[in-house]
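Residues per chain, in single letters:
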Number of protein chains: 2
Amino acid sequence: MQGDSDNRNDRGTVSIDGPAHGGTTAAGGAAQPAGHAATAAALRGHRRAFLQGAAASATVAVAAPAIAQSGPSVRWRLQSSFPKSLDTLFGAAQMFCERIDRLTGGRFQIRPFAAGEIVGGLQVLDAVQNGTIEMGHTASYYYIGRNRSLAFDTAVPFGLNARQQNAWMYYGGGLDLMREVLREFNVMHFPAGNTGTQMGGWFRREIRSVKDMQGLRFRIPGLAGEMLSRIGVLPQVIAPADIYSSLERGTIDATEFVGPYDDEKLGFAKVTKFYYYPGFWEGGAQLSMYVGLKEWEKLPREFQQAIDVASAEINVNMLAEYDAKNPPALARIQKTGVQVRPFPPDVMAAAQKAAFQIYDEEAAKNPSFAKIYANWRAFRDAQHSWHRTADLSFDNFVLSNPLSGQPAAPSPAKK
Amino acid sequence: MQGDSDNRNDRGTVSIDGPAHGGTTAAGGAAQPAGHAATAAALRGHRRAFLQGAAASATVAVAAPAIAQSGPSVRWRLQSSFPKSLDTLFGAAQMFCERIDRLTGGRFQIRPFAAGEIVGGLQVLDAVQNGTIEMGHTASYYYIGRNRSLAFDTAVPFGLNARQQNAWMYYGGGLDLMREVLREFNVMHFPAGNTGTQMGGWFRREIRSVKDMQGLRFRIPGLAGEMLSRIGVLPQVIAPADIYSSLERGTIDATEFVGPYDDEKLGFAKVTKFYYYPGFWEGGAQLSMYVGLKEWEKLPREFQQAIDVASAEINVNMLAEYDAKNPPALARIQKTGVQVRPFPPDVMAAAQKAAFQIYDEEAAKNPSFAKIYANWRAFRDAQHSWHRTADLSFDNFVLSNPLSGQPAAPSPAKK
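In short, a report on the structure. (Residues numbered from 1 in each chain as written. Chains lettered and ligands numbered in written order. Predicted model: local features only at pLDDT ≥ 70, side-chain atom pairs only at ≥ 80, totals over all residues. Heavy atoms only, no water.)

### Structural notes on the overall build of chain A
- Scanning chain A from terminus to terminus reveals 15 helices and 12 strands.
- Pairs at least 24 residues apart make up 77% of the contacts formed inside chain A by residues separated by at least 6 positions.
- In the form shown here, chain A has an accessible surface area of approximately 13300 Å², with 53% of it arising from carbon and sulfur atoms. (Helix = DSSP H or I, 4+ residues; strand = E, 2+ residues; numbered from the N terminus. Contact = heavy atoms within 4.5 Å. Areas by Shrake-Rupley, 256 points an atom, 1.4 Å probe, with all protein chains shown as cover.)

Here is the structure:
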């Protein structure tokens, strides 16, 4: 669309409502310093600056009584499914709460809690449903025990990547379909973050073909574990605190987690030799913002708007943060000597076949799943027909034709 | 990150500020219907529902005087660089203005104008700079005549894709660097939309190798035209209204535009035989929201927050809308018999070499460009080292291993 728009249109001036140059009727002088506070948020490390900006702005608010707001004061609690140590995931909930506070001039305050501070990380749906907390930031696939349809709200094996998930949620009918399911749990929800495609995980031994998956003791729960069990893997359920020692002792052969930035903190490079990609069970894992439906319906319209728009912001922001933080983390991991390898194609082909068998079987017995799956699968096919052209060919070209001096592969096989 | 978080943390209950179950102190009953209005926005066709929801909510506001706001009333004008016919691009500005209105309870109203309604589509920077309009929604690369550094705010040939652009802007220092440049034009700005990788354009004849680019009369302006001129293309500047007849008469051999959804409207399939991809000069073209710096600094803090967060929303939303609308448009285009083809690799290799020669030459004589380019290029290299692993391998697998019955290629060569 290079430089086209100038001549696309008539340039005639039309009649304009309102003053010719617009006009700010606010007590502009009093609010002036806020510009600098917000400008500071542009600094590298967007969220950190964002939080610093919040402190700076609080001072401004005191100095600007002319823009003080009347209206209700609402205080809520939000629990994340994630610990503070996963600062990208938990940090999104913090950023969300700060934004709501600043958008509403402090009239709507939501306090973020980490997993375990009010309820367990996987109890967020229950806690929102029963009114223990007004909001939760979580991943819907943690609750597939309640309804397996909920997996589509986060990620299913060989499902949508982050862009495709957004397209499905916002414009493909996905959000409406998922809200139908969550309404049964008294929950209103919004897409609120994405990890991008995750890594496949840490392996003590090499995977050369699908045969090497036979009998592999792989810590991987949920639908992904069920899929892999169909190609011979023995899925293990182990608390994260015990993964390291289980790998060290050889009680398990492999574990999945998230991506380089989060994984690095757990030190698995010390007790495994291989770091495989991609995490084909999470091509783009979406996080979701849950709001208790009754609380939602009582909320003033402007506060509803604030939740909606601030969720969209952390949806785009979290992916950007992961994309910025993963490359240096991957480079550090490679320096430990761990071999970064792609899964063999036959492993992925066998797993994909198993995944869609599971979906077909579930659709045959779960009407909710069947309804969503039909929409989702048609949308996925259409997405592929498009992403196969411009985006994929561009990405493949630039990634396989680096400028001189740059390696084409993330990690040549080292022995 | 399948099902991990439950055991990652202590589950002890800690002391909580505020009431045990939170509490809404608003006149909840009066605001109740707003829940349904906002829920309607979840319907397929997110923006359409969004605009309908705005009308529904206006009624609610009248019925809920308890949440009426005091504070300033500000009316601004925003001009888009795009005509109403490009409904995804112009529609983003409309969505932005609606969101601001609803976020602020009508206290901050921005009226969107299409290209040409106040000034020409390519005069948005000037108009914001000189105060004719308070805001503009545009693409910074339209203004490279003022400073070629501005191209990095939108897209440069063989640059970042949409995700990488967001990572650079929000977390890689890009936004801060670009704001330094735009501040010289009295502009504060925010990322506000992305097209994804565009198509390469419509060609009357086949391109089998870089030799076929020799003497090609290709309507393509800007840096992209400069790059292609170095591999033998004769770049043409032609007003969009004249492209169709120029192609029909053979005055030009080819033209680029945007992607299937926008391109389809212009009917180029009737006068060309080939539709090439990718548009390697726009791997992810970012739109930007401009605000006059003086107006910005006078704005109450909450209204600044509203602009910031609503820009982030249309940033994620526009890409989702394009991704949802492009696949059916591409399918319709294919039905016309036009052949959808990838550019030959040697064309892209020669063009990439030319592009980076241009950047190196510009950096040698433009300190602003040199500063941004150094940051951008290091960030690009790091992004590639990461995207080459999980995301690309996932995308390549699912796109080249379709489930049975689905074609692997978007368009087999037809003769």
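### Description of the packing of aromatic side chains
- Tallied over the full model, the rule gives 62 aromatic pairs over all chains.
- Pairing A:Trp76 with A:Phe108 gives two aromatic rings, centres 5.2 Å apart and planes at 85°, and the pair type is edge-to-face. Of this pair, A:Trp76 sits in strand S2 (residues 74-80) while A:Phe108 is found in strand S3 (residues 108-113), placing the two residues 32 residues apart along the sequence.
- The exposure class assigned to A:Phe108 is buried, which follows from its relative accessible area of 0%.
- Residues B:Phe158 and B:Phe280 carry aromatic rings whose centres are separated by 5.1 Å and whose planes lie at 15° to one another, so their mutual orientation is stacked. Note that B:Phe158 is positioned in the loop between strand S4 (135-138) and helix H6 (162-171) and B:Phe280 in the loop between strand S10 (274-277) and strand S11 (286-292), a separation of 122 residues in sequence. With respect to class, B:Phe158 is no different from B:Phe280; both count as buried.
- Here the guanidinium or amino end of A:Arg179 rests over the ring plane of A:Phe190, the centre of that ring lying 4.7 Å away. (Phe/Tyr/Trp six-rings, centres within 6.5 Å; stacked < 30°, edge-to-face > 60°. Buried < 20%, exposed > 50% of the residue type's maximum accessible area, 1.4 Å probe, protein only. Lys NZ or Arg CZ within 6 Å of the ring centre and 35° of its normal.)

### A look at the sheet that holds strand S12 (residues 339-342) of chain A
Residues and elements named next belong to chain A.
- Across the sheet, which stays open at both edges, the 6 strands sit in the order S8-S7-S9-S6-S10-S12 with mixed pairing between neighbours. Lying at the two open borders of the sheet, with one neighbouring strand each, are strand S8 (234-236) and S12.
- Two elements, strand S7 (residues 217-219) and S8, share 3 bridges in a ladder whose sense is parallel. Residue Arg 217 lies in a different strand from S8, and its bridge partner there is Leu 234. (Pairing = 2+ DSSP bridges.)

### Thoughts on the side chain of A:Asp391
- With respect to the helices and strands, A:Asp391 occurs in helix H15 (residues 390-400).
- Residue A:Asp391 is classed as buried on the basis of its relative accessible area of 5%.
- Beyond its immediate sequence surroundings of up to four residues, A:Asp391 is in contact with A:Arg163, A:Trp386, B:Gly196 and B:Thr197.

### Side note on H6(B)
All names here are of chain B.
- Across the 10 residues of H6, 10 count as buried, placing the element largely inside the fold.
- Residues of H6 that are buried include every one of Ala 162, Arg 163, Gln 164, Gln 165, Asn 166, Ala 167, Trp 168, Met 169, Tyr 170 and Tyr 171, and no others.
- For H6, the side-chain oxygen to backbone nitrogen distance between the N-cap and Arg 163 is 3.2 Å, and the N-cap itself is Asn 161.
- Looking one or two residues beyond H6, the residue adopting positive phi is Gly 173, at roughly 95°. (Polar contact = N/O pair within 3.5 Å; in protein donor to acceptor, adjacent residues only side chain to side chain.)

### Side note on the side chain of B:Asp262
Residue and element names in this part refer to chain B.
- As for its placement among the helices and strands, Asp 262 is situated in helix H10 (residues 260-264).
- Of the side chains with opposite charge, Lys 265 lies nearest to the buried Asp 262, which makes no salt bridge, at 4.1 Å.
- In this structure Asp 262 touches Leu 86, Leu 89, Phe 257 and Tyr 322, once residues within four positions along its chain are discounted. (Lys, Arg positive; Asp, Glu negative; His and termini not counted. Salt bridge = Lys/Arg side-chain N within 4 Å of Asp/Glu carboxyl O.)

### Focus on the pattern of salt bridges
Residue and element names in this part refer to chain B.
- As enumerated under the stated definition, the model contains 42 salt bridges over all chains in all.
- With its nearest N and O atoms 2.9 Å apart, the salt bridge here joins Glu 180 to Lys 371. Placement of the pair is Glu 180 in helix H7 (residues 174-183) and Lys 371 in helix H14 (residues 367-387), with a sequence separation of 191 residues.
- Owing to a relative accessible area of 33%, Glu 180 belongs among the partly exposed residues under this scheme.
- Here Glu 256 and Arg 219 are joined by a salt bridge, their closest N and O atoms 3.5 Å apart. Highlighted residues: Glu 256 in the loop between strand S9 (254-255) and H10 and Arg 219 in strand S7 (residues 217-219), separated in sequence by 37 residues.
- According to the relative accessible area criterion, Glu 256 is buried, its value standing at 0%.
- Overall, Arg 219 belongs to the buried group, its relative accessible area being 2%.

### What about the environment of A:Ile307?
Residues and elements named next belong to chain A.
- For Ile 307, the location among the structural elements is in helix H12 (residues 301-335).
- The exposure class of Ile 307 is buried, given its relative accessible area of 0%.
- For the pair formed by Ile 307 and Val 291, sequence separation is 16 residues and the distance between their alpha carbons is 9.1 Å.
- When neighbours within four sequence positions are excluded, Ile 307 is seen to be in contact with Trp 76, Phe 96, Ile 100, Phe 108, Met 135, Phe 190, Val 291, Trp 296 and Leu 299.

### With respect to unusual backbone geometry
Residues and elements named next belong to chain A.
- Residue Pro 278 is reached from Tyr 277 by a cis peptide bond, and omega for that bond is -5°.
- Along the polypeptide, Pro 278 turns up in the loop between strand S10 (274-277) and strand S11 (286-292).
- At Asn 186, a position not held by glycine, the phi torsion is positive, near 60°.
- Following the sequence through the fold, Asn 186 ends up in the loop between helix H7 (174-183) and strand S5 (187-194).

### Quick look at the packing of helix H6 (residues 162-171) of chain A against helix H12 (residues 301-335) of chain B
- The N-to-C vectors of H6(A) and H12(B) enclose an angle of 90°; their axes lie 8 Å apart at closest approach. As far as their axial angle goes, H12(B) and H6(A) are roughly perpendicular. From H6(A), A:Arg163, A:Asn166, A:Ala167, A:Tyr170 and A:Tyr171 reach across to H12(B), where they touch B:Val316, B:Asn317, B:Leu319, B:Ala320, B:Glu321, B:Asp323 and B:Ala324.
- Of the residues contributing to the contact of H6(A) with H12(B), the split by class is 7 nonpolar, 2 polar and 3 charged. (Axes fitted to C-alpha atoms, helices over the stretch in contact; angles between N-to-C directions. Parallel < 35°, antiparallel > 145°, perpendicular 65-115°, else oblique. Nonpolar A, V, L, I, M, F, W, Y, C, P; charged D, E, K, R; others polar.)

### Quick word on helix H14 (residues 367-387) of chain A
Residues and elements named next belong to chain A.
- Between its first and last C-alpha, H14 extends 30 Å over 21 residues, near the 30 Å set by a 1.5 Å rise per residue.
- For H14, the full list of buried residues reads Phe 369, Ile 372, Tyr 373, Asn 375, Trp 376, Phe 379, Arg 380, Gln 383, His 384, Trp 386 and His 387.
- Capping the start of H14, Asn 366 holds a side-chain oxygen 3.1 Å from the backbone nitrogen of Ser 368, two or three residues further along. (Expected span 1.5 Å × (residues − 1).)

### Things to note about the environment of A:Val119
All names here are of chain A.
- Locating Val 119 in the fold gives a position in the loop between S3 and helix H5 (124-129).
- Taking the C-alpha atoms as reference, Val 119 lies 24 Å from Leu 299; in sequence the two are 180 residues apart.
- Once you skip the residues sitting within four places of it in the chain, Val 119 turns out to touch Gln 79, Val 124 and Ala 127.

### Let's talk about the pairing of strand S4 (residues 135-138) of chain A
Residues and elements named next belong to chain A.
- Here S4 shows a buried face lined by Met 135 and His 137 and a second buried face lined by Gly 136 and Thr 138.
- Direction of pairing for S2 relative to S4: parallel, over a ladder of 3 bridges. Across the sheet, the residue bridging to Ser 80 is His 137, located in S4.
- Across 4 bridges, the pairing between S4 and S11 is antiparallel.

### Some words on the environment of A:Met227
Residues and elements named next belong to chain A.
- Along the chain, Met 227 falls in helix H8 (residues 222-229).
- For the pair Met 227 and Phe 152, spaced 75 residues apart in the sequence, the C-alpha separation amounts to 15 Å.
- Not counting residues within four places of it along the chain, the set of residues in contact with Met 227 comprises Pro 157, Phe 158, Phe 280, Trp 281, Ala 351, Ala 354, Ala 355 and Ile 358.

### A look at the sheet that holds S7(B)
- Strands sit in the order S8-S7-S9-S6-S10-S12 (chain B) across an open sheet of 6 strands; the sheet is mixed. Single-partner strands in this sheet number two, and they are strand S8 (234-236) and strand S12 (339-342) of chain B.

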